[in-house]
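Residues per chain, in single letters:
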Amino acid sequence: MKIRKENDMLIVPDKVTIPFIEGDGVGAEIMPVCQAVVDAAVAKTCGGRKQIEWTELLAGEKALQATGSSLPEATMTGFGEYLVGIKGPLGTPIGGGMRSLNVAMRQELDLYVCLRPVRWFRGVASPVKEPHKVDMVVFRENTEDIYAGIEWEVGTPEADRFRRFLMEEMKVGKIRFPDTSAFGVKPVSIEGTERLVRAAIDYAIAHNRTNVTIVHKGNIMKFTEGGFRKWAYELAEREYADALQSGQLVMQDVIADAFLQNSLLTPEKYSVIATLNLNGDYISDQLAAIVGGIGIAPGANINYASGHAVFEATHGTAPNIAGTNQANPSSLILSAVMMLEYIGWNEAVPAIITAMETAFESGRATADLARFMTNGQALGTKEFGELLINLINNN
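Model, not experiment: these values are computed from the prediction.

Further remarks concern unusual backbone geometry. A positive phi is found at N7, a non-glycine position, where the angle reads about 50°. In this structure N7 comes out as exposed when scored by relative accessible area, which is 73%.

Before going further, it helps to spend a moment on the packing of aromatic side chains. Tallying each qualifying case throughout the model produces eight aromatic pairs. Geometrically, the ring pair formed by F162 and F165 is tilted, given 6.4 Å between the ring centres and 35° between the ring planes. Here F165 and F162 lie together in helix α5 (residues 157–169), a separation of three residues that amounts to about one turn. With relative accessibility at 18%, the residue F162 sits in the buried group. For F165, a relative accessible area of 33% puts it in the partly exposed group. Cluster of aromatic residues (ring-pair linked, three or more members): W152, F162, F165 and F183. The ring of Y82 has K2 sitting right over it, with the charged end atom 5.1 Å from the ring centre. The ring of F121 carries R119 above its face, with NZ or CZ at 4.0 Å from the centroid.

Turning next to the packing of helix α1 (residues 27–46) against helix α11 (residues 330–342). Between two packed helices, the angle of one axis relative to the other and the distance separating the axes together describe the packing. Close contact between α1 and α11 brings their axes to 9 Å; oriented N to C, the two are set at 40°. With respect to each other, α1 and α11 are oriented oblique. In this structure, α1 crosses over α11, and the sense of that crossing is right-handed. Where α1 abuts α11, its residues I30, M31, V33, C34, V37, V38 and V42 lie against L332, I333, A336 and L340. Split into classes, the residues belonging to the contact of α1 with α11 amount to eleven nonpolar, no polar and no charged.

The full count for this structure, using the stated rule, is 27 salt bridges. For R106, the salt bridge goes to E312, with nearest N and O atoms at 3.0 Å. Note that R106 is positioned in helix α4 (residues 101–108) and E312 in strand β14 (residues 309–313), a separation of 206 residues in sequence. Classification of E312 as buried rests on a relative accessible area of 5%. Between R163 and D160 there is a salt bridge whose closest N-O contact spans 2.4 Å. Here R163 and its partner D160 are both found in helix α5, three residues apart, which amounts to about one turn of the helix. D160 sits in the partly exposed class, given a relative accessible area of 30%. Look at the salt bridges and you will find they share partners, linking R119, R122, E357 and E361 into a network.

Right, let's get into the sheet that holds strand β6 (residues 113–119). Overall, mixed pairing links the ten strands, which are arranged β4-β3-β5-β14-β13-β6-β7-β12-β10-β11 in an open sheet. The two strands at the open ends of the sheet, each matched to only one other strand, are β4 (51–56) and β11 (250–255). The mean inter-strand angle of the sheet, taken between neighbouring strand axes irrespective of direction, is 25°. Examined bridge by bridge, β6 and strand β7 (residues 135–141) share seven bridges and lie antiparallel to one another.

Cut-offs applied
Residues numbered from 1 in each chain as written. Predicted model: local features only at pLDDT ≥ 70, side-chain atom pairs only at ≥ 80, totals over all residues. Heavy atoms only, no water. Buried < 20%, exposed > 50% of the residue type's maximum accessible area, 1.4 Å probe, protein only. Phe/Tyr/Trp six-rings, centres within 6.5 Å; stacked < 30°, edge-to-face > 60°. Helix = DSSP H or I, 4+ residues; strand = E, 2+ residues; numbered from the N terminus. Lys NZ or Arg CZ within 6 Å of the ring centre and 35° of its normal. Axes fitted to C-alpha atoms, helices over the stretch in contact; angles between N-to-C directions. Parallel < 35°, antiparallel > 145°, perpendicular 65-115°, else oblique. Left-handed = near helix turned anticlockwise from the far one by under 90°. Contact = heavy atoms within 4.5 Å. Nonpolar A, V, L, I, M, F, W, Y, C, P; charged D, E, K, R; others polar. Salt bridge = Lys/Arg side-chain N within 4 Å of Asp/Glu carboxyl O. Pairing = 2+ DSSP bridges.

Nothing here speaks to function; it is all geometry.
As structure tokens, then:
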């Protein structure tokens, strides 16, 4: 049965169908492990009352081989109808070739929030002394900024036309090498800013996280990133005046490069982050590195208005280890935990988190984490999943 949204609430049946994309590279190994762990936690904590029926939708290499398209229309239709789904990593070529499938899905379903919670798990090695001080939730705008994909390749008629428009009609004289330049456009709107910041503030209030920080580069890009900062404050003052006055909400802002430094030196000062697309990409990965790596960094792409949400592994396809039973399924499993929270199946969440913490504290993890642990014991992808299931069932 499908999830639906009525009166701003998700209606989730006890036996719910969740679509999934297996993913490229290591996706074929980590997705079954993730599903098995989630199924075990739901069965253990819900006493058979609730159940997920997984239904596969195709994207990436698997879709290309089967349908001739990397992102078939049926897949987008399926995610549109089922509202909530999960996906493994999908490959994206650098430079030429197809545009990112991840970005295409975000744009098509208008998944305007990229949600990236970042926390440290005991037992996981970190390159910093006090990783436990990092406990942030990043709200990254997902549909605008340079990720909108509005750009023209050097030497093309479109690039030449755009260059002439800038120089002749807009009188832009700051293009250093106009004849050999590629061009991109960075759209940042009031509406896009407001819905992202509103989602961040609502989350902060609902989760008793007082501090919301706007991260931007408005000192240089005054009308785009500076506009983002300005409109964020205006929204807060207009719609959350009572929360600001009572101290339930504290708004602050920081320049992006300063934030990257501060997140290493004084991470405890930050809780909920609202930022634009490119900044959010850098910030999310840096914070993940602080707590042990992107292998344990979950993520989601959400439209809070429509209810659509796609939860995903935040790492790449890792073709160098695909098929070797070495991949770390933790990012995808933790993204599934976010999915369970999103649909309100919170009773299953502690079972998975406790199992992962127990495994990490005992030094048992996949090789990417275990090699840095004291007395670390490297497990294969399947074996790590089996360990988590055993811990869930025996807790």
